[in-house]
Amino acid sequence: MMEKKLRHSHQRDMIYEYLCSTKEHPSADMVYEYLRENNPNLSLGTVYRNLRLLEEIGQVRRVTTLQNVERYDACCADHAHFVCESCGRVKDLVPLDLQAGQRDCQVDSGDEVRWMDVVFGGICAACAASAEKTDS
């Protein structure tokens, strides 16, 4: 497959740098809100287009949450995520071994696994503690 030649984009660089600087796994809206403060000409459409492009070229990964809000992660190594169904926070979990995952999930031997995406959902410790205080 022929690789797409990309023109340099200052806006794409800003978006990628922001994603690399945070562990928050921001949504496109969050990226836009953060960057537009110093870049008033930035549009939400530009953020969405560049996030899709960064995903296509393998520089970011998309994490879909239970609320169907796409969040983005600059760490493209195989690892799992935990998504809190109460506050929506997305946290990185330990790196995963692709071969172990393939074996544990009993992937057919003829299938060629190139990546995996594991998301655990539940209530984070902060939300659980908050709910406990409310119940008392």
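Residues numbered from 1 in each chain as written. Predicted model: local features only at pLDDT ≥ 70, side-chain atom pairs only at ≥ 80, totals over all residues. Heavy atoms only, no water.

A.B. asks: Honestly, helix α3 (residues 44-56) in this entry has me stumped. Any pointers?
C.D. replies: Along an α-helix, a turn takes 3.6 residues, which lines up residues three or four apart on a common side. The end-to-end C-alpha separation of α3 is 18 Å, in line with the 18 Å expected for 13 residues at 1.5 Å each. All of the buried residues in α3 are T46, V47, N50, L51, L53 and L54. On an axial view of α3, the arc spanned by its buried residues comes to 165°, and they lie on one face. Looking at the buried residues of α3, the elements they touch are α1 (10-21), α2 (28-36) and β2 (70-73). Downstream of α3 by one or two residues, G58 has phi in the positive range, about 85°. (Helix = DSSP H or I, 4+ residues; strand = E, 2+ residues; numbered from the N terminus. Expected span 1.5 Å × (residues − 1). Buried < 20%, exposed > 50% of the residue type's maximum accessible area, 1.4 Å probe, protein only. Arc of directions from axis to C-beta. Contact = heavy atoms within 4.5 Å.)

A.B. asks: Can you help me understand α1 in this one?
C.D. replies: An ideal rise of 1.5 Å per residue puts 16 Å on 12 residues; α1 measures up with 16 Å between its terminal C-alpha atoms. Listed as buried for α1 are R12, M14, I15, Y18 and L19. Relative to the axis of α1, the buried residues are bounded by an arc of 160° and lie together on one face. In α1, the exposed residues that point more than 90 degrees away from the buried face are H10, E17 and S21. In this fold, the buried residues of α1 make contact with α2, α3 and β2.

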